[in-house]
Every structure is written in C-alpha cells, then in structure tokens.
Amino acid sequence: QVLELTQPADEGKKQTYYDELIRTLNACEKKGQLVILIDAGNGRYGTAFHDALVKKAALGGFLSYAGFLDMAIVTGTALSHGVARYAHLIQGRTSQAEEVAFCKTLADSILKDFCYKNVVREDILSYVRNELGGDPNNFCNPELDRSAITARLERPAIVARLTAGMDKATAPVLKNLERSSLLIGLKPHVDTVTAHWGKIGLSNYHFPWNRAFEIDMDISVDPLTR
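Computed from a predicted model, the values in this text were never measured in an experiment. (Residues numbered from 1 in each chain as written. Predicted model: local features only at pLDDT ≥ 70, side-chain atom pairs only at ≥ 80, totals over all residues. Heavy atoms only, no water.)

Colleague: Would you mind going over empty space enclosed by the protein in detail, with residue names and values included?
Modeller: Tallied over the full model, the rule gives 2 cavities of 30 Å³ or more. Volume-wise, the largest cavity comes out at about 50 Å³. Lining of the largest cavity is provided by D39, G41, N42, G43, Y45, G46, F49, H50, G67, D113, K117 and N118. No other element matches the 3 residues that helix α4 (residues 96-131) contributes to the lining of the largest cavity. The class makeup of the residues in the lining of the largest cavity is 2 nonpolar, 7 polar and 3 charged. Quantified by volume, the second largest cavity comes out at close to 30 Å³. For the second largest cavity, the full set of lining residues is L34, G61, F62, L63, R85, L89, L182 and L183. When residues of the lining of the second largest cavity are traced back to their parent elements, those giving at least two are α3 (71-89) and β4 (181-185). For the lining of the second largest cavity, a count of residues per class yields 6 nonpolar, 1 polar and 1 charged. (1 Å grid on protein atoms, 1.4 Å probe; cavity = no way out; pocket = protein on both sides within 12 Å on 5 of 7 lines; lining within 4 Å. Points joined across faces, edges and corners; volume = space filled by probe spheres on them. Helix = DSSP H or I, 4+ residues; strand = E, 2+ residues; numbered from the N terminus. Nonpolar A, V, L, I, M, F, W, Y, C, P; charged D, E, K, R; others polar.)

This is the structure:
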C-alpha cells in the first residue's frame, strides 16, 4: 500500500487529513500489509504530523519512507527504496548485515525529516544568522577575511548546537523505532517472518556541504532479534 500525505486543500482540516492517514496505516499493519509512506506536505503540517506518527504508529515497520524534500524527490525516493526492499523480501534470503543496513537507511530518512528538517534546522538557521553573523547557506564564504577566521573558529560551536538539538529531538523517535518489528521475510503462501529492531546509536553529526540545509550522521544498529 502506498500512502501519501499531500499539502492540505483546506488548512482547517490538516489534523483530519493526517489522522485519516494514520488510521489507514495502522489498519494496514494489522492486516500485515506492507506500506510505503510519503510525506509530500512540504512542511505545511509543521511538526504535528510527525508527532502524531511517533505517538500512534510503528515507524520501524515501514517498507520505506521519504519526506525531506519536494514532492517529486520524495515520491521517487520512497518508491525506489520500497520496491527494492520488496524485491529483497520476496527472495526469502537475508542476513543480519542486510537487515541492519536496511534499518540504517530507514532510520536515516525518518530522523532527518522528523527531527532535523522541522525542529533543529530552524534553530541552526537562526543561530548562524543572528548569533554568529554568518550565512546559513554557505559557512565558508563570509564577506570579510576576518569573518572567515571567525567562522572557522565557531564551526565547532555550530556542531555542538546541532548535536544538542538532535539528541533531544531524536529521543522519542528512537524509542519508537526500537519498539518496532521489521518484516524480514516474505514469500507467497508462506508465513511472514519478523524481527525486533536493535538499539540505535547516533554520533558524528556534521554538515557535509558546509551549509545548514542538510546534515549527516553516523548510525549504528544492534543486531535484530526474533
């Protein structure tokens, strides 16, 4: 099942739209139906949709998820990841390394969208612009040489602020993922096989392109358990 939350036609019905999607999502889970979830709201729901998903859905059971960028990109990302995962599942052969790799991919998509895009990024943008006097879109190109030196010295402070913000924002999402079950085997006319997520660790937050638009991080996932 492909579920997609688009931008709201009626601003006053935003909660109605995402509540209906979550009900459908949970109904699919009860039926054992795999779900590709796409958030194409382009930020119009703020944090409300993500907060509701954390409270009411099992994030770690998705076949794939995308929501960080515009509609064309998130649709292609979610469908390609989901189809690739489905193709892997119906082969009926897997390994711990493959399952951990998938968990990392899914966690990366969810955490960057839920926690960075709509929560931490706004603080980083304001901090760089208003407290450091820099350009959030280019940490390496201040107007003056003196400012360039200041920017290099202050960059660890930006990373420290990023780390503190992400540590707080990711905590409830990580708990949700670690409580989730993941489908690891699917063949026609054969019982499906599930496993429980292992503990997730996040470290080494950084800005790969020296701008505040996107971040990267190291993700570790303990082996899954049956």
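There's plenty left to go through after this.
Colleague: With reference to specific residues and values, describe unusual backbone geometry.
Modeller: With the exception of glycine, the majority of residues adopt a negative phi angle, and the majority of peptide bonds are in the trans configuration. The phi dihedral of N42 falls on the positive side, at around 55 degrees, and the residue is not glycine. Summarising the element assignment, N42 is placed in the loop between β2 (36-40) and α2 (48-56). Notably, N204 is not glycine yet its phi reads approximately 55 degrees, a positive angle. Here N204 shows up in strand β6 (residues 200-206).

Colleague: Describe the state of the cysteines, with residues and values.
Modeller: Inspection of the entire model under this criterion finds 0 disulfides. With no disulfide partner, C103 has as its closest neighbouring cysteine sulfur the one in C115, 16 Å distant. (Disulfide = S-S within 2.5 Å.)

Colleague: Lay out the side chain of H50 with the relevant residues and their values.
Modeller: Of note, H50 is situated in helix α2. H50 gets classed as buried once you look at its relative accessible area, which sits at 3%. Setting aside residues no more than four positions away along its own chain, H50 makes contact with D39, Y65, D113, F114 and N118. (Buried < 20%, exposed > 50% of the residue type's maximum accessible area, 1.4 Å probe, protein only. Contact = heavy atoms within 4.5 Å.)

Colleague: How would you summarise helix α1 (residues 14-30) if you had to cite specific residues and measurements?
Modeller: When the terminal C-alpha atoms of α1 are compared, their 25 Å separation across 17 residues agrees well with the 24 Å that a helix rising 1.5 Å per residue should span. Inspection of α1 places Y18, D19, L21, I22, L25 and C28 among the buried residues, and these make up the whole buried set. Where α1 is buried, its residues touch β1 (2-6), β2 and α2. (Expected span 1.5 Å × (residues − 1).)

Colleague: Could you give an account of the pattern of salt bridges, naming the residues involved and the relevant values?
Modeller: Scanning the entire structure with this criterion turns up 10 salt bridges. R44 is the salt-bridge partner of E11, the closest N and O atoms lying 2.4 Å from each other. Placement of the pair is E11 in the loop between β1 and α1 and R44 in the loop between β2 and α2, with a sequence separation of 33 residues. Judged by relative accessible area, R44 falls into the partly exposed class, the value being 31%. (Salt bridge = Lys/Arg side-chain N within 4 Å of Asp/Glu carboxyl O.)

Colleague: Tell me what's going on with the sheet that holds β1, and back it up with residues and numbers.
Modeller: Taken in spatial order, the 3 strands make up an open sheet running β1-β2-β3, and their pairing is parallel. Single-partner strands in this sheet number two, and they are β1 and β3 (64-66). Direction aside, the axes of adjacent strands within the sheet are offset by 10 degrees on average. Looking at chain direction, β2 and β3 are connected through 3 bridges and run parallel. Considered in β3, the bridge of L37 is made with Y65. In this fold α4 packs onto β2 and β3, with an angle of close to 30 degrees to the strand it touches most, β3. (Pairing = 2+ DSSP bridges. Axes fitted to C-alpha atoms, helices over the stretch in contact; angles between N-to-C directions.)

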